[in-house]
Amino acid sequence: KDTKELELNKKFSIIMLAGLQGAGKTTTAGKLAKFLRNKNYSVMLSSVDIYRPGAIEQLRIISKQVGVDFYSQKNKNPIDICKNAIKEAKNKNHNLLILDTAGRNHIDDIMMTEIINIQKSVMPDETLFVADGMTGQDAVKSAHSFNTLLDLSGIILTKLDGDSRGGAAVSLKSVTGVPIKF
């Protein structure tokens, strides 16, 4: 079997989404929130993207569209935002928090250090690499870079509806050693 279910508990779980800029993390966060809400999770979404103009507002709109709570703050420290989002999710009795991190360029040491520090401080139950299926083998190269620095638990392949480049999925799984979750 080439896919694997998310490993979450009903008490409280955190999913962190990571990937390159433009891979579809924010849209995926919303789709994942709706999917898990329909599986009886009480979901909160939080944007940790303090760099892309409009990222927070985009996720706020998506949260409303899919019917889940949203957390944001004006703080410019991603780790503080994550910690406060966790507190808020627990205070509102949510049992799942999805963190939408900023898109990264895998050669950007500062951004990669930031996401490593987020993962270490938050200790998510799932760290999912979101890869753009239309980038083919470039997705494989970036997945390898992320996997050497982060403890990835799975991959979500996006943008496969209009193209036949799903072959990257086999390579992604092989290079990272983690399952395709979606």
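Here the structure is a predicted model, which means the values were calculated and not measured.

A short note on the nonpolar core
Counting 31 residues, the largest nonpolar core has Leu97, Leu99 and Leu172 as the members making the most contacts within it. Mapped onto this core, the elements with two or more residues apiece are strand S1 (13–18), helix H3 (78–91), strand S4 (96–100), helix H4 (109–122), strand S5 (126–132), helix H5 (137–149) and strand S6 (154–158). The element best represented in this core is H4, accounting for five residues. When neighbours within four sequence positions are excluded, Leu97 is seen to be in contact with Phe12, Ser13, Ile14, Ile15, Met44, Ser46, Ala85, Ile86 and Ala89. Core analysis: the second largest hydrophobic core is formed by 21 residues, Leu6, Leu17, Val43 and Phe70 among them.

Some details on the side chain of Thr28
Structurally, Thr28 can be placed in helix H1 (residues 25–37). On the basis of relative accessible area, Thr28 is assigned to the buried category, the value being 9%. Side-chain polar atoms of Thr28 contact the backbone oxygen of Gly24, separated by 2.7 Å. Those residues in contact with Thr28 that lie beyond four places of it in its chain are Leu17, Val130, Ile156 and Thr158.

Observations regarding the sheet that holds strand S2 (residues 43–47)
Taken in spatial order, the six strands of this open sheet run S3-S2-S4-S1-S5-S6, and their pairing is parallel. The outermost strands of the open sheet, each flanked by one partner alone, are strand S3 (69–71) and S6. Adjacent strand axes in the sheet meet at a mean angle of 25 degrees, parallel and antiparallel pairs treated alike. With three bridges joining them, S2 and S3 adopt parallel strand pairing. Pairing of Leu45 across the sheet is with Phe70, part of S3. Of the strands in this sheet, S1, S2, S3 and S4 are in contact with H3, which crosses S2 at around 160 degrees. Packing of H4 onto the sheet brings it into contact with S1, S4 and S5, and relative to S1 it is tilted by some 175 degrees.

What counts, and at which threshold
- The residue count restarts for each chain, going from 1 along the sequence in the order it is written.
- Residue-level local features of this predicted model are given only where pLDDT is at least 70; pairs of side-chain atoms are given and counted only at 80 or more, and the full residue set underlies all totals for whole chains, interfaces and linings.
- Hydrogens and water are ignored here; the side-chain numbers use all heavy atoms of the structure.
- The criterion is simple. A nonpolar core is a set of buried Ala, Val, Leu, Ile, Met, Phe, Trp, Tyr and Cys residues joined through side-chain atoms within 4.5 Å.
- The classification of residues rests on relative accessible area computed with a 1.4 Å probe and restricted to protein chains. Under 20% of the type maximum is buried, over 50% is exposed, and intermediate values are partly exposed.
- Secondary structure elements are taken from DSSP: a helix is a run of H or I of four residues or more, a strand is a run of E of two residues or more, and numbering for both begins at the N terminus.
- Here, residues are in contact when the closest pair of their heavy atoms is within 4.5 Å.
- Under this definition, polar contacts are N or O atom pairs within 3.5 Å; protein pairs additionally need one hydrogen-donor-capable and one acceptor-capable atom, and for neighbouring residues in sequence, both atoms have to be side-chain atoms.
- Between any two strands, at least two bridges found by DSSP are needed for them to pair.
- Structural elements are reduced to axes, namely lines fitted to C-alpha atoms, with helices fitted over the stretch in contact, and the angle between N-to-C directions of any two is expressed from 0 to 180 degrees.

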